Amino acid sequence: PWGLSLDPVKKGAAVKAAFYSAAFLLRAVAAEELDIDPEEIDISNVRRVELLNGEYAGEIIINDHLPNGAGFTNWIHENWATILQAVVDINAPANSFTGALISAQHRHRCDASCPDCLRHYRNMSYHGLLDWRLGLSLLRALADENFQCGLDNDWSLPDLNDWLASAAALRDSFCLSFGHCQARDFGPLPGFEVGAYKVLLIHPLWEQGHPTGILAEAIASLDADAQRCYVDTFNLLRRPSWVY
C-alpha cells in the first residue's frame, strides 16, 4: 500500500522483523487449521524481491519439515486466502490462536512477544526480532491494499490501538535516560529534540521517503529548514542506546 515500506533490508531491521513475525503467525494459524505441530512447517528464509514498479518487498519462504514433504506447504498454498483471513480476523473465536493473540488480556501483558504467542524454544534465535503486532500489521497490508497502518489516524485495530500511547511512553523513557533530549509533540505524532534535530517517532512500516497521512501532517508542523530524522518504535524499544 502507498505510504508503507515493506523492504526487509531497510535500515534498522524492523521490516525484517515484521516478516519473520508474520511468518511465525502464519505457521501457527496453518498448524491450527491442519491440527498439526507447528514444527512440521519450517520458516526457511525471508528474502528481498523486486516488484514490477521497481520497489522492493519481502518474500517468506516455507517448506515441510519432513524430507520430500508431507503436503502441508502445498495445502497452505492452495488455501492461502483462507489462512490469511484467519490471521487478520478481528472477530476470531476466543479459543482460536488469533482470538487469544488479539484478546485484551494478551495485549495488556505482551509488549512484543511471549511464550503465549510467538516465542518457542526452537525459535530462540529469533526472539529479539519477534513482535506480534508488527507481524499482524504486515499481514494486514498483504490482505488489504488500502490498509494504512495508522497513517489515516485509525487506531481501532488490535495491533494498532495502543501505538500512540506506547510511542509516547517510549519517548518519555528515552528522554529520561539520555541527556540533551527534550520531549515534544510534532502535530499528531510524539517526538523529541536532540540539539538541532527534530526527531519524529514513526511506525516501523511507514515509508519515510513518501510521507502521507499523519506523518505528512507532522512534517508540515516543522519549520521548512528544520533538521529532522525518524526513529521507529521497534528500535526505540529494543536498543535505545543505538538510537541515541
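Look up: the structure comes first, before these words.
Residues numbered from 1 in each chain as written. Predicted model: local features only at pLDDT ≥ 70, side-chain atom pairs only at ≥ 80, totals over all residues. Heavy atoms only, no water.

Caption draft 1: Spatial organisation of the environment of Asn91. With respect to the element layout, Asn91 can be found in the loop between helix H3 (80-88) and helix H4 (97-101). The class of Asn91 is exposed, set by a relative accessible area of 66%. Separated by 83 residues in the primary sequence, Asn91 and Phe174 have C-alpha atoms spaced 35 Å apart. (Helix = DSSP H or I, 4+ residues; strand = E, 2+ residues; numbered from the N terminus. Buried < 20%, exposed > 50% of the residue type's maximum accessible area, 1.4 Å probe, protein only.)

Caption draft 2: Just the nonpolar core, in detail. Core analysis: the biggest nonpolar cluster contains 72 residues, and Trp206 and Leu215 have the highest contact counts within it. Beyond its immediate sequence surroundings of up to four residues, Leu215 is in contact with Leu151, Leu189, Leu200, Ile202, Trp206, Glu207 and Tyr230. (Core = buried A, V, L, I, M, F, W, Y, C linked by side-chain atoms within 4.5 Å. Contact = heavy atoms within 4.5 Å.)

Caption draft 3: Local environment of the packing of aromatic side chains. For the structure shown, the criterion picks out eight aromatic pairs. Ring geometry for Phe174 versus Phe178: centroids 4.8 Å apart, planes at 35°, classification tilted. The pair Phe174 / Phe178 is uniform in exposure class, with both members buried. Each ring, one from Phe174 and one from Tyr244, has its centre 6.1 Å from the other, and the planes form 50°; the classification is tilted. Pair noted here: Phe174 is in helix H7 (residues 163-177) and Tyr244 is in the segment after helix H10 (240-243), with a separation of 70 residues, a long-range link. Under the relative-accessibility criterion, Tyr244 is labelled partly exposed at 46%. An aromatic cluster is built from Phe174, Phe178, Phe192 and Tyr244, whose rings are joined through pairwise contacts. The side chain of Arg239 reaches across the aromatic face of Trp242, ending 4.0 Å from its centre. (Phe/Tyr/Trp six-rings, centres within 6.5 Å; stacked < 30°, edge-to-face > 60°. Lys NZ or Arg CZ within 6 Å of the ring centre and 35° of its normal.)

Caption draft 4: Highlighting the sheet that holds strand E6 (residues 227-232). With respect to topology, four strands assemble into an open sheet ordered E3-E4-E5-E6, the strand pairing being mixed. The open sheet has two edge strands, strand E3 (181-186) and E6, and neither has a second partner. On average, adjacent strands in this sheet sit at an angle of 30° to one another, irrespective of strand direction. Judged from the four bridges that link them, strand E4 (residues 189-194) and strand E5 (residues 197-202) form a sheet pairing that is antiparallel. (Pairing = 2+ DSSP bridges. Axes fitted to C-alpha atoms, helices over the stretch in contact; angles between N-to-C directions.)

Caption draft 5: Summary view of the pairing of E5. Linking E4 back to E5 in an antiparallel pair, the connection comprises two residues, with Gly195 at a positive phi of about 60°. Here six bridges tie E5 to E6, and the two strands are oriented parallel to one another. By the bridge assignment, Ile202 is partnered in E6 with Asp232. Remark: the E5/helix H8 (residues 213-220)/E6 crossover connection has right-handed handedness. (Right-handed = clockwise from strand over helix to strand, strands pointing away.)

Caption draft 6: Inspection of H3 at higher detail. For H3, the complete set of buried residues consists of Ile83, Leu84, Val87 and Val88. Axial view of H3: buried residues confined to an arc of 125°, hence all on one face. Away from its buried face by more than 90 degrees, H3 exposes Ala81 and Thr82. Summarising the contacts, the buried residues of H3 are in contact with helix H1 (14-34), helix H2 (72-78), H4 and helix H6 (132-143). (Arc of directions from axis to C-beta.)

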